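# Structural description and commentary
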Amino acid sequence: MVKINIKLLPHGTLARELVLSALSPLAFIPSQGGTTLDIYEDEAVVSGNIGSLAQVFQNAQQLLVNKNELPPIKPHFNDRQVMAKIMRKLNLKINDTYREYVDALCSWAIKDLQKNPDKWLESLDKINYSPKTITLGEPKSAFSGFQPLKIEKYKYGKRFGDFRAQLDIQMDERWVALVLAGFGVCYSGFADGEIILSTIPEKVIEKATLDYSWLNYVQQLTQSMGNYTAFQALMMLPYKVQATPELPHAYSLLLALELASIKPPHLSIREAPPYVFYRIMYTGQSFSLLERLSIDFSFLAPFVEKLQNSRDYLKDFLKCTITQARRHSNYCSNRFGDASLCDRLSRALYAAAAKVKPADETIYLLARSSPENSPFRRTEVLRDIYDALS
């Protein structure tokens, strides 16, 4: 057994969250091979066989296979240039999509861990700061960082918080593989030029390493989703919802409804982990961070778990609310109203579920404002929602 020290970038950086997301399977399956994960301020420590890191890359590949409907993203020109250099060095042939980059580098990493374990130990334990650059791994072998990793620099300028560098990130091929594995784990959607990455907060990953009873709860909570580990199931949930988190109130309700519909009857979603979402605009020429938001839907448990017959209607309504925030939909507008009305109704519903708005006011608004053919005009649907809110 060895200790694998993996340096971490400062809190708040996408690169840090991608690395921890890649490593998370080691936290959510702590019993395999005696491997453990500990997270500190400036490093993560994996205790176990060096080959246990192969789980990290296998997990990323499996998640990409499971998210088979996600569209490929053509890389930024600079990233294609960087990848061309990596391909020459590693003797790889890869199609130019970020998805192909993830899969190829993960396959290479699994083999290289067997051939060169000492190089992995040395590379992952190395980080260098200069006035202009952060270098992960061996400086002489470093490549320019991929463009999505620089979104904080572009949003906040050359300096970001207390960073000791100007967020020009470089990394050697082993770090590239690890960060791309994290990208594969977190990639949840791409539509209208917007990339959605979903991550689990660092404090939740730490909790999984320390609280076995909670980890067992998460495993039971998600077991009906199929042949997934607990962590894979958590990463699959935003993908299965197939919506963007640009309207947090509507998206939180939608996630809560989805989880409530798959949980075992004897469990509640009150202790379900929150998510962190990155909304990244990609025009093909540049990346920009639109929003980083945390979504905790556990407080919605009493409402979504009491619903009996209206859950599917509410899911349909919330998806329409999110859809119409971007474009008009004849189906949605005829069934639930225009974008403005859907947004107003969903906010009222969220407020009532959070116990900051009276249930009767919300039911009155749904009944009086909705189109004639809306399910919210039906007495039995309104009664079910009212009972769940009360």
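What comes next is a walk through the structure.

How each quantity is defined
Residues numbered from 1 in each chain as written. Predicted model: local features only at pLDDT ≥ 70, side-chain atom pairs only at ≥ 80, totals over all residues. Heavy atoms only, no water. Helix = DSSP H or I, 4+ residues; strand = E, 2+ residues; numbered from the N terminus. Rg over C-alpha atoms; globule rule 2.2 N^0.38 Å. Buried < 20%, exposed > 50% of the residue type's maximum accessible area, 1.4 Å probe, protein only. Contact = heavy atoms within 4.5 Å. Areas by Shrake-Rupley, 256 points an atom, 1.4 Å probe, with all protein chains shown as cover. Pairing = 2+ DSSP bridges. Axes fitted to C-alpha atoms, helices over the stretch in contact; angles between N-to-C directions. Salt bridge = Lys/Arg side-chain N within 4 Å of Asp/Glu carboxyl O.

## Description of the overall build of the protein chain
In terms of helices and strands, the protein chain carries 18 helices and 11 strands. Its C-alpha atoms give the protein chain a radius of gyration of 22 Å, within 12% of the compact-globule value 21 Å for 390 residues. Split into buried and exposed, the 390 residues of the protein chain put 58% on the buried side. Long-range contacts, defined here as pairs at least 24 residues apart, represent 70% of the contacts in the protein chain between residues at least 6 apart. Of the roughly 16,600 Å² of accessible surface on the protein chain, 48% is carried by carbon and sulfur atoms.

## Some details on the sheet that holds strand E3 (residues 43-48)
Strand order in the open sheet formed by three strands is E1-E3-E2, and the pairing between neighbours is antiparallel. Of all strands in the sheet, those with a lone pairing partner are strand E1 (2-7) and strand E2 (36-39), marking the two edges. Strand-to-strand, the axes of this sheet are offset by a mean angle of 20°, without reference to chain direction. Pairing geometry for E1 and E3, over six bridges, is antiparallel. Within the sheet, the bridge partner assigned to Ile 6 lies in E3 and is Ala 44.

## Observations regarding the pattern of salt bridges
Any two side chains of opposite charge can pair, so long as their charged atoms come close to each other. Considering all chains together, one arrives at 22 salt bridges under this definition. The residue Arg 326 makes a salt bridge to Glu 194 at a minimum N-O spacing of 2.4 Å. Residue Arg 326 is located in the loop between helix H14 (311-324) and helix H15 (330-336), and its partner Glu 194 is located in strand E9 (residues 194-199); the two are separated by 132 residues in the primary sequence. Accessibility expressed as a relative area gives 3% for Glu 194, which makes it buried. Under the relative-accessibility criterion, Arg 326 is labelled partly exposed at 27%. A single salt-bridge network, built from bridges that share partners, covers Asp 192, Glu 194, Glu 246, Arg 279, Glu 291, Arg 326 and Arg 327.

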